[in-house]
Amino acid sequence: MQPSIEYILLIIAVLILVSIIANKVSGRLGVPALLIFLLVGMLAGSEGPGGIYFDDPWIAQLIGVSALTYILFSGGFDTRWSEVRPVLPQAVVLSTLGVFLTALLMAGIAIVVFGVSLLEGFLLGAVVSSTDAAAVFSILRTKRASLKGSLRPLIELESASNDPMAVFLTIGAITLLLTPGLPVLAMIPLFIQQMVVGGLIGYGMGKGMVYLINRLKLEFEGLYPVLTLTLVMMTYGVTAALGGSGFLAVYIAGLVLGNSTVIHKNSLMRFHEGIAWLMQITMFLTLGLLVFPSHLLSVVGSGILTSLFLIFVARPVSVFITTSPWPMDLRDKVMVSWVGLRGAAPIVLATFPLLAGIPQADTIFNLVFFIVITSSLLHGTSIPYVARWLGVSAPIQDPPRLAMSLGDGCKSGNDLIELTLPLEAEVMGKQIVDIGLPPGTLIIMIEKGSNRFVPCGSTILEEGDHLLILTNQIQAEQARLILSSVKHSTPDTSSKNRDEK
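Quick summary incoming for the structure in this document. All values reported here derive from a predicted model rather than from experimental measurement.

What counts, and where the lines are drawn
- Residues numbered from 1 in each chain as written.
- Predicted model: local features only at pLDDT ≥ 70, side-chain atom pairs only at ≥ 80, totals over all residues.
- Heavy atoms only, no water.
- Axes fitted to C-alpha atoms, helices over the stretch in contact; angles between N-to-C directions.
- Helix = DSSP H or I, 4+ residues; strand = E, 2+ residues; numbered from the N terminus.
- Parallel < 35°, antiparallel > 145°, perpendicular 65-115°, else oblique.
- Left-handed = near helix turned anticlockwise from the far one by under 90°.
- Contact = heavy atoms within 4.5 Å.
- Nonpolar A, V, L, I, M, F, W, Y, C, P; charged D, E, K, R; others polar.
- Core = buried A, V, L, I, M, F, W, Y, C linked by side-chain atoms within 4.5 Å.
- Buried < 20%, exposed > 50% of the residue type's maximum accessible area, 1.4 Å probe, protein only.
- Salt bridge = Lys/Arg side-chain N within 4 Å of Asp/Glu carboxyl O.
- Patch = residues over 30% accessible without salt bridge, like charges linked within 9 Å, V, L, I, M, F, W, Y side chains within 5 Å.
- Areas by Shrake-Rupley, 256 points an atom, 1.4 Å probe, with all protein chains shown as cover.

**Some thoughts on the packing of helix H5 (residues 88-114) against helix H6 (residues 118-127)**
Inference 1: Relative orientation of the contacting elements H5 and H6 amounts to 125°, with a least axis distance of 7 Å. When the axis of H5 is compared with that of H6, the two are oblique. Read as a crossing pair, H5 and H6 show a hand that is right-handed. Residues Phe100, Ala103, Leu104, Met106, Ala107, Ala110, Ile111 and Phe114 of H5 form the contact with H6, whose participating residues are Leu118, Gly121, Phe122, Leu124, Gly125 and Ala126.
Inference 2: Taken together, the residues that form the contact of H5 with H6 break down as 12 nonpolar, 2 polar and no charged.

**Focus on the nonpolar core**
Inference 1: Judged by nonpolar contacts, the single largest core of 120 residues is most densely connected at Met283, Met335 and Val368.
Inference 2: When residues in this core are grouped by element, the largest group, 14 residues, is from helix H18 (residues 361-390).
Inference 3: Leave out the neighbours within four places in its chain, and Val368 touches Leu124, Val127, Val128, Pro346, Ile347 and Ala350.
Inference 4: Ala425, Val427, Ile443 and Ile469 belong to the second largest nonpolar core, which has 15 residues in total.

**Thoughts on H6**
Residues lying three or four places apart along an α-helix face the same way, a consequence of the helix completing one turn every 3.6 residues.
Inference 1: Of all 10 residues that make up H6, 7 are buried, and the element is covered over most of its length.
Inference 2: Looking at the buried residues of H6, the elements they touch are H5, helix H9 (163-178), helix H17 (344-356) and H18.

**A short note on the pattern of salt bridges**
Inference 1: Counted according to the given criterion, the structure contains 6 salt bridges.
Inference 2: For Glu156, the salt bridge is made with Arg152, and the minimal N-O distance between the two is 3.2 Å. Linking Glu156 with Arg152, this pair stays in helix H8 (residues 151-161), spanning 4 residues, or about one helical turn. One exposure class covers both Glu156 and Arg152, and it is buried.
Inference 3: As a salt-bridge pair, Arg315 and Glu158 come within 2.7 Å of each other at their nearest N and O atoms. In this pair, Arg315 is assigned in helix H15 (residues 300-322) and Glu158 in helix H8, connecting sequence segments 157 residues apart.
Inference 4: Given a relative accessible area of 2%, Glu158 falls into the buried group.
Inference 5: Through salt bridges that share partners, Lys448, Glu462 and Asp465 make up one connected network.

**Observations concerning H8**
Inference 1: With 11 of 11 residues buried, H8 lies mostly within the body of the structure.
Inference 2: Of all the positions in H8, only Leu151, Arg152, Pro153, Leu154, Ile155, Glu156, Leu157, Glu158, Ser159, Ala160 and Ser161 are classed as buried.

**Overview of the environment of Trp81**
Inference 1: Note on placement: Trp81 falls in helix H4 (residues 81-84).
Inference 2: The spacing of Trp81 and Asn259 is 178 residues in sequence and 6.5 Å in space, taken between C-alpha atoms.
Inference 3: Dropping the residues within four chain positions of it, Trp81 is found in contact with Leu88, Leu255 and Asn259.

**Observations regarding a nonpolar patch on the surface**
Inference 1: A contiguous nonpolar patch, built from Leu297, Val300, Ile304, Leu308, Phe312, Val313, Val317 and Ile321 and spanning about 660 Å² of accessible area, is present on the exposed surface.
Inference 2: Structurally, Ile304 is set in helix H15.

**Concerning the environment of Phe191**
Inference 1: Assignment of secondary structure puts Phe191 in helix H10 (residues 187-215).
Inference 2: The partly exposed category is assigned to Phe191, whose relative accessible area is 22%.
Inference 3: Along the backbone, Phe191 and Gly172 are 19 residues apart, and their C-alpha atoms lie at a distance of 9.1 Å.
Inference 4: Residues contacting Phe191, with those up to four places away along its chain left out, are Thr96, Met165 and Phe168.

**A closer look at unusual backbone geometry**
Inference 1: At Lys217, a position not held by glycine, the phi torsion is positive, near 50°.
Inference 2: Residue class for Lys217 comes out exposed when judged on its relative accessible area of 65%.
Inference 3: We note that His264 has phi near 60°; this positive angle belongs to a residue other than glycine.
Inference 4: Note that His264 resides in the loop between helix H12 (246-258) and helix H13 (265-290).

Shown next, in the form of structure tokens:
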């Protein structure tokens, strides 16, 4: 008998609620959210207390691809071009050649361990070759795992842009397995087509989003998020239909939109951040339901071996080779090597062989799921400690509190910055009119305890005041130095110099 709609809706709500609460606990325990969501899905599955039977790879793939689309768009939307532009060449090489080298190395270990053919081994390597954008974003954008300099932009850009290459390699390997006489070189034009078409349509759709959002003048503000959701879906669909990489297109579209001036930008950014979290939860719950834990027992030994090879050999070798043309510090290369989180993308890609009818598809899926769990446990819990051990960790700024309350309206070229007056600040006890802020710089809101107000020139600054400052890119650093300087000390500009380098 088919379950009632009310029952299905209740189960979905309970699973999402449990996942949200579990995510709160996972943050305190230092366990990646994706692992918690997967475990909740497994517990709700047919072999867990939930008893929900789910064994449809096509639906899982549909949900996974849709979720990854919105996650990648949100990641691009929240990425500053000024941060990723300096590391763009390294990220591109990492997300293409690095992914290929990882797949090739994993093919070697698969041949040794499982005795499979080169193409079957390469298929396994292609499936697990990309890092997971959702997992990387959720970990690196917390206080526990903040990285200094260009490390965070490099790792985030690589994780967001390497899925297209992994998809191409996976589909290419499946095509070659199903068409034995097809030459390998026939895949090269397909790769060029995927990247070029995906990049061009993504950029064009991003510009189109900016134009439509600013020109349509919709009657209700609530329609703007609906508009962007629709355009993201259209971006992926049009690109894929024309033979391009839909994942690459939506990320570039998000990057273009996020670095342009659009109305309701803050509200749109918060909306898509929420959608990205909903997509993560939905995707990981679905993938958790799809796996049968008892089937993982048969791949424990081989799974541990391949996981360790991926973590300690394949990923580091590919990173060191692909970053060799650039003068990177050894500690930075080690850190990039270690942040090789595998997550939803490999599991979603593992459904491709299942639907294509590849003989070893079930083994590949279970093995990939085991690798993802291993990577989440090892990488996800250790990244903050490895960063501190290598000396590449950095404090992350608190999320904006006052700017969000103002909403949109800051013109292009202006910056809204927030800071809290430190202990023994030189400006403490002075009126705003007397502290010598740069021309064109205004303190437009102050938070004292639980009170928020718009100050005037005679407002006296006190320790712990949280300030919202309207300035521009040229004056921002000078304003920070004036307000953050401590009595009888020289302002620390070393971090600025390091960033500029």
